[in-house]
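What follows is the residue order along each chain.
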Amino acid sequence: MKSISGKKLCKIVQQYGWILQRIKGSHHIFEKTGLEITLSIPVHGNKDLKIGTLKSLLKQADLNEEDII
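First, a word on scope: everything that follows refers to the structure included in this document. As the structure is a computational prediction, the values presented were derived from the model and not from experiment.

Focus on the overall build of the chain
Along the chain, the regular secondary structure elements total 2 helices and 3 strands. Ordered by position in the sequence, the α and β elements of the chain form the string α-β-β-β-α. Against the 2.2 N^0.38 benchmark of 11 Å for 69 residues, the chain shows a C-alpha radius of gyration of 11 Å, consistent with a compact globule. Taking the principal axes of the C-alpha coordinates as reference, the chain spans close to 30 × 25 × 20 Å. Counting over 69 residues, the chain shows a buried share of 33%. Put simply, of all contacts in the chain between residues at least 6 apart along the chain, 43% involve residues at least 24 apart. Total accessible area on the chain is roughly 4700 Å²; 50% of this is exposed by carbon and sulfur atoms. Across the chain, 11 positive and 7 negative side-chain charges occur, with their mean positions spaced 10 Å apart.

Quick notes on the nonpolar core
Formed by 17 residues in total, the largest nonpolar core has its most connected members in L9, V13, F30, L39, I41, L54 and I68. Broken down by secondary-structure element, the contributors of at least two residues to this core are α1 (6–15), β3 (38–42) and α2 (51–60). Setting aside its immediate chain neighbours within four residues, L39 contacts V13, W18, H28, I29, F30, L57, Q60 and A61.

Quick notes on α2
Those residues of α2 that sit buried are L54, L57 and L58. Down the axis, α2 shows its buried residues gathered within 100 degrees of arc, on one side only. Exposed side of α2, more than 90 degrees from the buried face: G52 and K59 are the residues found there. Among the structural elements, α1 and β3 are those in contact with the buried residues of α2.

Calculation notes
Just so you know, the residues in each chain are numbered from 1, in the order the chain's sequence is written. In keeping with the predicted nature of the model, local features appear solely for residues at pLDDT of at least 70, side-chain atom pairs appear and are counted solely at 80 or more, and the whole-chain, interface and lining totals rest on all residues. Side-chain measures here rest on the full set of heavy atoms in the structure, leaving out hydrogens and waters. Here a helix means four or more residues in a row that DSSP labels H or I, a strand means two or more in a row labelled E, and each is numbered from the N terminus. Between the two quantities, the radius of gyration covers C-alpha atoms and the globule rule is 2.2 Å times the number of residues to the power 0.38. Relative accessible area decides the class of each residue, using a 1.4 Å probe on protein chains only: under 20% of the type maximum gives buried, over 50% gives exposed, and in between gives partly exposed. Every residue pair with non-hydrogen atoms within 4.5 Å of one another is taken to be in contact. The method behind every accessible area is Shrake-Rupley, applied with a 1.4 Å probe, and residues are considered shielded solely by the protein chains displayed. Just so you know, the count uses Lys and Arg for positive and Asp and Glu for negative, and it drops His and the chain ends. Each charge is placed at NZ for Lys, CZ for Arg, CG for Asp and CD for Glu. What we call a nonpolar core is a set of buried Ala, Val, Leu, Ile, Met, Phe, Trp, Tyr and Cys residues that are connected through their side-chain atoms within 4.5 Å. Throughout, the arc means the angular range of directions from the helix axis out to the C-beta atoms.

Okay, here's the thing in structure tokens:
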């Protein structure tokens, strides 16, 4: 799996219906209506997310590797 930046992941999850609720420090907090899950995506400029962090966020958002390509 190729890593992507937090900024790019934010754009991708917004395309799948996640709504930016707030920004606290460097973390963008997303919520989706009908779900109780909150996504907290770290955005540190254009720095890539670590693979484990990316996989965890994708699992929480119910997305897979093909969705981010």
